[in-house]
Amino acid sequence: MKREDNLNESSNKLIKNQKINVWSLFKYPSIRYRFLILNIIWITTYISYNGMAISSKSFPGNFYVNIIILFVIEAISYFITGFLIDIKKLGRRGALWIEYILVIIIFILLTFLDLNTAGNLILNCIIRFCCSGIAFIYYTYSIELYPTPVRSLAFGINTTFGNAGSIGAPYLLEFLKNWQFLILLDALCVISSIGLIFLPETVGKPMVESIEELDLENN
């Protein structure tokens, strides 16, 4: 208890004396690598999510009915993913890896196989389910990875990178052929899933309160 009290006292002094700005996200190695990896992951997540959402206009059948179906699938994804990420043996990273593996496999199938209409529709619905789940998890996981002094700043920049991915998705769809776009998404998902190896699991753990505490945790 004495060690924890000393740590909290020194952490509070550090927070008071620290000037937190964007430079703080690069100054400390323990924050820097998490911040850079998460920026890449957020771009990937929202290029994939919005790219597939825009592609839904080409689905067979009534456009409005398809949108309702995709909305229901997305809502179910949030509900199921919310339970998965709190399973200790699975956690945030386990749930993400499961969904990444499904997305990567389906992107490969859509790229190289000439599927019938029903097959394409089913696979695209599964992708919507997984991409929605991945985006949902990162809203929780990203916040948990940062110490309190930089949490809101870092998370805000992460979401800005995600918005950049959303803006870039329609341009990529415009200038790339469908198979090229799918290969790009596949590559980005592979990179993001590898990036998870370098991020810690946070399920069941208290949130880090200071940069100093994070440094001690990494050492």
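About the criteria used
- Residues numbered from 1 in each chain as written.
- Predicted model: local features only at pLDDT ≥ 70, side-chain atom pairs only at ≥ 80, totals over all residues.
- Heavy atoms only, no water.
- Helix = DSSP H or I, 4+ residues; strand = E, 2+ residues; numbered from the N terminus.
- Buried < 20%, exposed > 50% of the residue type's maximum accessible area, 1.4 Å probe, protein only.
- Contact = heavy atoms within 4.5 Å.
- Phe/Tyr/Trp six-rings, centres within 6.5 Å; stacked < 30°, edge-to-face > 60°.
- Disulfide = S-S within 2.5 Å.
- Salt bridge = Lys/Arg side-chain N within 4 Å of Asp/Glu carboxyl O.
- Axes fitted to C-alpha atoms, helices over the stretch in contact; angles between N-to-C directions.
- Parallel < 35°, antiparallel > 145°, perpendicular 65-115°, else oblique.
- Left-handed = near helix turned anticlockwise from the far one by under 90°.
- Nonpolar A, V, L, I, M, F, W, Y, C, P; charged D, E, K, R; others polar.
- Core = buried A, V, L, I, M, F, W, Y, C linked by side-chain atoms within 4.5 Å.
- Expected span 1.5 Å × (residues − 1).
- Bend = angle between axes of the 7 residues up to and from the residue.

S.K.: So, the overall build of the protein chain: which residues are in play, and what are the values?
M.R.: Across its full length, the protein chain holds nine helices and zero strands. Along the chain direction, N to C, the helices and strands of the protein chain fall in the order α-α-α-α-α-α-α-α-α. Taking all 219 residues of the protein chain together, the buried fraction comes to 43%. A separation of at least 24 residues holds for 82% of the contacts in the protein chain among residues at least 6 apart in sequence.

S.K.: Now, about the packing of aromatic side chains: what can you tell me, with residues and values included?
M.R.: For the structure on display, the rule yields nine aromatic pairs. For the pair Phe26 and Phe35, a centre-to-centre distance of 5.5 Å together with 90 degrees between the ring planes defines the contact as edge-to-face. Centre to centre, the rings of Phe79 and Phe83 are 5.1 Å apart; their planes meet at 70 degrees, and the pair counts as edge-to-face. Remark: Phe83 and Phe79 occur in helix α4 (residues 63-84); sequence separation between them is four residues, near one turn of the helix. We classify Phe83 as exposed; its relative accessible area is 56%.

S.K.: Could you give me a rundown of the state of the cysteines, with the residues and numbers involved?
M.R.: For the structure on display, the rule yields zero disulfides. Here Cys131 is not cross-linked by a disulfide; its sulfur's nearest cysteine counterpart is in Cys189, at 6.3 Å. Relative accessible area serves as the criterion here: at 2%, Cys189 is assigned to the buried category.

S.K.: I'd like to hear about the pattern of salt bridges, residue by residue, with values.
M.R.: Inspection of the entire model under this criterion finds three salt bridges. For Arg92, the salt bridge identified is with Asp86, shortest N-O distance 3.1 Å. For Asp86, a relative accessible area of 52% translates into the label exposed. Where Glu144 meets Arg92, a salt bridge forms, and the shortest distance between an N and an O atom there is 2.6 Å. In this pair, Glu144 is assigned in helix α6 (residues 117-145) and Arg92 in helix α5 (residues 91-112), connecting sequence segments 52 residues apart. With respect to burial, Glu144 and Arg92 carry one shared label: buried. Counted as one network, the salt bridges with shared partners bring together Asp86, Arg92 and Glu144.

S.K.: Residue-level account of the packing of α5 against helix α8 (residues 178-195), with values.
M.R.: Direction vectors running N to C along α5 and α8 enclose 160 degrees, while the axes themselves pass 9 Å from each other. Relative to α8, the element α5 is oriented roughly antiparallel. For the crossing formed where α5 meets α8, the hand is left-handed. Residue-level inspection shows Trp97, Tyr100, Val103, Ile104, Phe107, Ile108, Leu110, Thr111 and Phe112 of α5 in contact with α8, the latter providing Trp179, Leu182, Ile183, Leu185, Asp186, Cys189, Val190, Ser192 and Ser193. Along the lines of polarity and charge, the residues of the contact of α5 with α8 split into 14 nonpolar, three polar and one charged.

S.K.: So, the nonpolar core: which residues are in play, and what are the values?
M.R.: By size, the foremost hydrophobic cluster in this structure holds 46 residues, and its most contacted members are Ile31, Leu96, Tyr100, Phe107, Tyr138, Tyr141 and Leu199. Those elements that provide at least two residues to this core are α3 (29-55), α5, α6, α7 (148-175), α8 and α9 (211-218). Apart from residues no more than four positions distant in its own chain, Leu199 is found in contact with Tyr33, Arg34, Ile37, Leu38, Ile41, Arg93, Tyr141 and Leu145.

S.K.: Got a sec to walk through the packing of α3 against α8? Specific residues and values, please.
M.R.: Relative orientation of the contacting elements α3 and α8 amounts to 145 degrees, with a least axis distance of 9 Å. Pair α3 / α8 crosses with left-handed handedness. Here α3 contributes Ile37, Ile40, Ile41, Thr44, Ile47, Ser48, Gly51 and Met52 to the contact with α8, which in turn contributes Phe181, Leu185, Leu188, Cys189, Ile191, Ser192 and Gly195. Of the residues assigned to the contact of α3 with α8, the class counts are ten nonpolar, five polar and no charged.

S.K.: Please set out α7 residue by residue, giving values where relevant.
M.R.: In a regular helix each residue adds 1.5 Å, so 28 residues correspond to 40 Å; α7 covers 41 Å between its end C-alpha atoms and thus fits that length. The sharpest bend along α7 measures roughly 30 degrees and falls at Gly168, with the proline Pro170 sitting one to four residues further on. Pro149, Val150, Arg151, Ala154, Phe155, Ile157, Asn158, Thr159, Gly162, Gly165 and Ala169 are the residues of α7 that are buried.

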